[in-house]
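Below, each chain spelled out in residue letters.
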Amino acid sequence: QVQLVESGGGLVQAGGSLRLSCAASVSIFSIYTMGWYRQAPGKQRELVATITRGGSTNYADSVKGRCTISRDNAKHMVDLEMNSLKPEDTAVYYCNARLVPGAMFDYWGQGTQVTVSS
């Protein structure tokens, strides 16, 4: 069982920055991928960024160049640094853990709201 707790969301003006953090209840050293997803009102949940246990990263085209995902295995944490925020980045952001490739299910946090005002 993996519990994930997000923090760092809030209200920010367009062009601003936020750093989201995800704290895991267990060691993330061997977790296959950790990631961030988001869901805006009336839309499906979508990928923001993922990072593998080897450090390989993947970003949605919409956030490339503006976001950086990082993981600290020693602290059991995954962060998402977001810069040059846009109103369309407004969403609930969820932390995700996939223990192994092709896992039948993932673990999710409860989400943290990010609101970007224009």
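Every chain's residues receive numbers from 1 upward, in the order its sequence appears when written. Residue-level local features of this predicted model are given only where pLDDT is at least 70; pairs of side-chain atoms are given and counted only at 80 or more, and the full residue set underlies all totals for whole chains, interfaces and linings. Side-chain descriptors were evaluated using all non-hydrogen atoms of the structure, hydrogens and water having been removed beforehand.

J.: A description of unusual backbone geometry should follow, citing residues and the corresponding values.
T.: Phi is positive for H76, close to 60°, though the residue is something other than glycine. With respect to the secondary-structure elements, H76 resides in the loop between β7 (67-72) and β8 (77-82). With a 1.4 Å probe rolled over the protein chains alone, any residue whose accessible area is under 20% of its type maximum counts as buried; one over 50% counts as exposed, and the rest are partly exposed. According to the relative accessible area criterion, H76 is partly exposed, its value standing at 26%. With a phi angle near 50°, S84 is a residue other than glycine that sits in the positive phi range. Here a helix means four or more residues in a row that DSSP labels H or I, a strand means two or more in a row labelled E, and each is numbered from the N terminus. Within the secondary structure layout, S84 lies in the loop between β8 and β9 (91-98).

J.: Mind laying out the nonpolar core, listing which residues take part and the relevant values?
T.: Within the largest apolar cluster, 31 residues are counted, with the highest numbers of intra-cluster contacts made by L4, M34, W36, L80, M82 and Y93. The set of elements that each furnish at least two residues to this core consists of β3 (18-24), β4 (33-39), β5 (46-52), β7, β8, β9 and β11 (112-117). Ignoring any residue separated from it by four or fewer positions in sequence, one finds Y93 in contact with E6, L20, W36, Y37, R38, V48, L80, M82, G111, T112 and V114. Working definition of a nonpolar core: buried Ala, Val, Leu, Ile, Met, Phe, Trp, Tyr and Cys residues. They are joined through side-chain atoms within 4.5 Å. In what follows, a contact means two residues having at least one pair of non-hydrogen atoms within 4.5 Å.

J.: Give me the pairing of β7: which residues, what numbers.
T.: Only one face of β7 is covered, namely the face carrying C67, I69 and R71; the face carrying T68, S70 and D72 is uncovered. If DSSP finds at least two bridges between two strands, the strands pair. Both β7 and β8 contribute to a ladder of six bridges, which runs antiparallel. Looking at β8, one finds that C67 is bridged to M82. The hairpin turn running from β7 into β8, its antiparallel successor, is four residues long, and H76 in that turn takes a positive phi close to 60°.

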